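Listed below, chain by chain, are the residues.
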Amino acid sequence: MDLAAGKEKLFRRLTAEIRDARVIEAMRQVPRERFVPAAQLGVAYEDRPLSIGYGQTISQPFIVAMMLEALELTGSDKVLEVGSGSGYVTAILSHLAARVVGVELVPELVESSTAVLAELGRDNATIHQATRASLGYLPDAPYDAILVSAGAPSVPQLLLAQLKWNGRLVIPAGSRWQQNLLQVTRRPEGDIVRNLGACY
């Protein structure tokens, strides 16, 4: 299947299942093929995760769309993405938010994703080198929304503390074998947690 046909097939599915038209349009604007290794180019628009090296993957487009929809962005938001990897989701977020701050542990991915974002002219998005000693990115906190692209056993309180009141955090949480997509809204009277279903 060529890239154009693969892209059309993917977006037929996304359009049928994702309600937020802004998310669909933002995903259409971002060429997924720019964020995958050359060996994966022919399958860039298959609806599945793809290896990008360093033990990392670029996420399945349908899961990406679900997570972006759950962030409930308005266009004026400042968003933190934890585990930005290839920069694919960062690029999509840059079409949906006023400012995007990404953090990534793998230095080679920080370098390559920063280069692709620059080539695509996404100057409202930056990716920083993460460390294992810290979580998130405190210098730009608080955020309107936080997207965690890597799974965690539970919702990290250190990340919730970087959210504004009424901000949303979206994260796959659970065991190594079973994770659910959670949307957590930070409220002074107690956080509201919605389980959006299983992540595969």
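These numbers come from a predicted model, not from an experiment. (Residues numbered from 1 in each chain as written. Predicted model: local features only at pLDDT ≥ 70, side-chain atom pairs only at ≥ 80, totals over all residues. Heavy atoms only, no water.)

Student: I'd like a rundown of the pairing of strand β8 (residues 179-185), residues and numbers included.
Tutor: The element β8 is extensively covered by neighbouring structure, given that six of its seven residues are classed as buried. Between strand β7 (residues 163-174) and β8, which follow one another and run antiparallel, lie four residues. Looking at chain direction, β8 and strand β9 (residues 192-199) are connected through six bridges and run antiparallel. Bridging from a neighbouring strand, Leu182 pairs with Asn195 of β9. (Buried < 20%, exposed > 50% of the residue type's maximum accessible area, 1.4 Å probe, protein only. Helix = DSSP H or I, 4+ residues; strand = E, 2+ residues; numbered from the N terminus. Pairing = 2+ DSSP bridges.)

Student: Provide a residue-level description of the nonpolar core, including the pertinent values.
Tutor: In terms of nonpolar packing, the biggest core is built from 48 residues, with Met27, Leu68, Tyr88, Ile92 and Leu93 touching the most fellow members. Counting residues per element, the ones that place at least two in this core are α1 (3-17), α2 (21-29), β1 (50-53), α3 (61-71), α4 (88-96), α5 (107-119), β5 (125-129) and β6 (143-148). Considering every element that reaches this core, the biggest residue donor is α3, with nine residues. One finds Leu80, Leu163, Leu169 and Ala173 within the second-largest nonpolar core, a separate group that totals 18 residues. (Core = buried A, V, L, I, M, F, W, Y, C linked by side-chain atoms within 4.5 Å.)

Student: Residues and numbers for the sheet that holds β5, please.
Tutor: Strand-to-strand pairing in sheets goes through backbone hydrogen bonds, with the strands running parallel or antiparallel. Strand order in the open sheet made by the seven strands is β5-β4-β3-β6-β7-β8-β9, with mixed pairing throughout. Strands at the two margins of the open sheet, each flanked by one partner only, are β5 and β9. Going across the sheet, the axis of each strand differs from the next one's by a mean of 15°, ignoring polarity. Docked against the sheet, α4 engages β3 (78-82), β4 (99-104), β5 and β6, running at close to 170° with respect to β3. Contacts from α5 reach β4 and β5 within the one sheet, and its direction differs from that of β5 by about 165°. (Axes fitted to C-alpha atoms, helices over the stretch in contact; angles between N-to-C directions. Contact = heavy atoms within 4.5 Å.)

Student: Could you give me a rundown of the side chain of Asn124, with the residues and numbers involved?
Tutor: Along the chain, the position of Asn124 falls in the loop between α5 and β5. A distance of 3.2 Å separates a polar side-chain atom of Asn124 from the backbone oxygen of Ala97. Residues contacting Asn124, with those up to four places away along its chain left out, are Ser94, Ala97, Ala98, Arg99 and Val100. (Polar contact = N/O pair within 3.5 Å; in protein donor to acceptor, adjacent residues only side chain to side chain.)

Student: Tell me about the layout of surface pockets, and name the residues and values.
Tutor: Estimates place the volume of the largest pocket at around 1,000 Å³. Gln56, Gly83, Ser149, Ala150 and Gly151 are, among the 40 residues lining the largest pocket, the residues nearest its centre. Those elements that provide at least two residues to the lining of the largest pocket are β2 (56-58), α3, β3, α4, β4 and β7. A class-by-class count of the residues in the lining of the largest pocket yields 21 nonpolar, 16 polar and three charged. By volume, the second largest pocket amounts to about 230 Å³. Lining of the second largest pocket is provided by Glu17, Ile18, Arg19, Phe62, Met66, Glu69, Ala70, Glu72, Leu181, Gln183, Arg194 and Leu196. Going through the elements one at a time, α3, β8 and β9 are the ones with two or more residues in the lining of the second largest pocket. Here the lining of the second largest pocket takes four residues from α3, the largest share from any one element. Classifying every residue of the lining of the second largest pocket by side-chain character gives six nonpolar, one polar and five charged. (1 Å grid on protein atoms, 1.4 Å probe; cavity = no way out; pocket = protein on both sides within 12 Å on 5 of 7 lines; lining within 4 Å. Points joined across faces, edges and corners; volume = space filled by probe spheres on them. Nonpolar A, V, L, I, M, F, W, Y, C, P; charged D, E, K, R; others polar.)

Student: Explain empty space enclosed by the protein to me, using residue names and the numbers behind them.
Tutor: This model, assessed by the stated rule, comprises one cavity of 30 Å³ or more. Volume-wise, the largest cavity comes out at about 40 Å³. Ser59, Val64, Met67, Val89, Leu147 and Ser149 together form the lining of the largest cavity. Considered class by class, the residues forming the lining of the largest cavity number four nonpolar, two polar and no charged.

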